[in-house]
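# Structural features, examined
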Amino acid sequence: MERILFGDNQFFAVNHISDEKSRAQAIKFKDDAAIMKVLDDARAAGINTFMCTTHDRIANVCDIIRDNPEKYEGFKIYPCMPYAHKYANAVTELGIVGTLKEYVPGNFFGSLFKGGMAVISKDFISIMELLIDAEMKMFKGIDTPVIFLQNVITDLLLGLGMKDFLIAFAKHIEKKYNAEAGFITMNLPQLLPVLEEGGIKNPIICASINKVNFRMSGGKDLYEQVLSEGRARVIAMQVLGGGAIPPREALEYVSKLPNVESILFGASSKQNIQNTVETIHHYDSQKIMVD
């Protein structure tokens, strides 16, 4: 994985600092051209991996990338699924049955009515695989070497002790898409041994890592201990602690941690992208000199 990954929160009005900034971002990125301009700014700064949700508008981004293969040669996307808001909104608008019709392929939906609830109760993993395939359709022809399970599902399954589903996700991603599975979590110390017990060695895990314990179940000290052991390929997200830490201080901390393979961030301006990339490189070079 690349050292620096670019995220998509800013495109869809997700801001952990203020609602006002969220509204401003929603207005700024109402057109796909505005999203592509920022992605191009990120590429110009040397970032070639976009880690994003399966928001409906990402399908438009994928269309643009497919239509310009030379311009986006070498550009990779890490899909993160499911986009929970999409399904929640669908249930509100269409009901549960309507949502299944919308997102589950027709042949399976027909068998659902033949078998009734027994089909659901006996074959959750097959349903999960079908939903993954439905989410992945928008990325056809795009380089997606890592496909992530969103934390809302990862941590739910973890909390319920349903580790078989986590392992099944990884196996389906590898078999169907020739890719590696990644897991987003707010509980790195608890997730890692569960994945290892399921046979996933050196897993890819994206977790909140920052100086103020923001969304870090178990706390900073435990995270630092896990990182020191080098048992996973870790992506650090939410490094600013929801806006509680000044950027340079936040990036210095996470850049100097051992075994953090990648740093994920989002930004909406060319200057902020450049500043973040330069700051990470600065502290990385210091770490190399010390080592």
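In this report, the structure presented in the accompanying data block is examined. Counting restarts for each chain, with residues numbered from 1 along the sequence as it is written. It should be noted that, the model being predicted, local features are given only for residues of pLDDT at least 70 and side-chain atom pairs only at 80 or more, the latter also being counted only at that level, while totals for whole chains, interfaces and linings use all residues. Neither water nor hydrogens contribute to the side-chain values; these are computed over all heavy atoms in the structure.

## A word on the packing of aromatic side chains
Two rings belonging to Phe, Tyr or Trp (six-membered ring only in the last case) form a pair when the distance between their centres is within 6.5 Å. Interplanar angles under 30 degrees mark stacking, angles over 60 mark edge-to-face geometry, and anything in between is tilted. The tally for this structure, following the rule as stated, stands at 8 aromatic pairs. Judged by centre distance (5.6 Å) and plane angle (85°), the rings of Phe 6 and Phe 265 are edge-to-face. Taken together, the positions of Phe 6 in strand E1 (residues 4–6) and Phe 265 in strand E8 (residues 260–265) put the pair 259 residues apart, joining distant regions of the chain. Of the two residues, Phe 6 and Phe 265, neither departs from the other in class, the shared state being buried. Consider the rings of Phe 11 and Phe 29, whose centres lie 4.9 Å apart with planes at 80°: the pair is edge-to-face. Here Phe 29 lies in the loop between helix H1 (19–28) and helix H2 (32–44) and Phe 11 lies in the loop between E1 and H1, a separation of 18 residues in the sequence. Exposure remark for Phe 11: the relative accessible area of 2% places this residue in the buried category. Each member of the aromatic cluster is reached from another via a ring pair, and the members are Phe 6, Phe 11, Phe 12, Phe 29, Phe 50 and Phe 265. Note on conventions: DSSP H or I runs of at least 4 residues are helices, E runs of at least 2 residues are strands, and numbering of each starts at the N terminus. Throughout, exposure labels follow a simple rule: accessible area from a 1.4 Å probe, protein chains only, divided by the maximum for the residue type, with under 20% read as buried, over 50% as exposed, and the rest as partly exposed.

## Some words on the environment of Glu 261
Along the chain, Glu 261 falls in strand E8. Along the backbone, Glu 261 and Glu 2 are 259 residues apart, and their C-alpha atoms lie at a distance of 7.8 Å. In this view, Glu 261 contacts Met 1, Glu 2, Arg 3, Arg 233 and Val 234; residues no more than four positions away in its chain are not counted. Within the structure, the side chain of Glu 261 is placed 3.4 Å from the backbone nitrogen of Met 1, a separation counted as a polar contact. Working rule for contacts: check all heavy atoms of both residues, and any pair within 4.5 Å makes them a contact. Here a polar contact is recorded for every N or O atom pair within 3.5 Å, except that within protein the pair must consist of a potential hydrogen donor and a potential acceptor, and residues adjacent in sequence are included only if both atoms are side-chain atoms.

## Regarding the side chain of Asn 187
Mapped onto the fold, Asn 187 is located in the loop between strand E5 (180–185) and helix H10 (188–197). Given a relative accessible area of 15%, Asn 187 falls into the buried group. At 3.0 Å, the side chain of Asn 187 and the side chain of Gln 190 are in polar contact. Apart from residues lying up to four places away in sequence, Asn 187 is in contact with Asp 155, Leu 158, Ser 217 and Tyr 223.

## Remarks on unusual backbone geometry
Of note, the bond from Met 81 into Pro 82 is cis; its omega dihedral lies within 30 degrees of zero at -5°. As for its placement among the helices and strands, Pro 82 is situated in the loop between strand E3 (76–81) and helix H4 (84–103). Here the phi dihedral of Asn 259 falls at roughly 65°; this positive angle occurs in a residue that is not glycine. Checked against the element boundaries, Asn 259 lands in the loop between helix H12 (247–255) and E8.

## Digging into the state of the cysteines
Here, a disulfide means two cysteine sulfur atoms that sit within 2.5 Å of each other. A full pass over the atoms with the stated rule returns 0 disulfides. No disulfide involves Cys 62; its nearest neighbouring cysteine sulfur is the one of Cys 52, lying 6.5 Å away. This cysteine, Cys 206, is not joined by any disulfide, and Cys 80 carries the nearest cysteine sulfur, 7.2 Å off.

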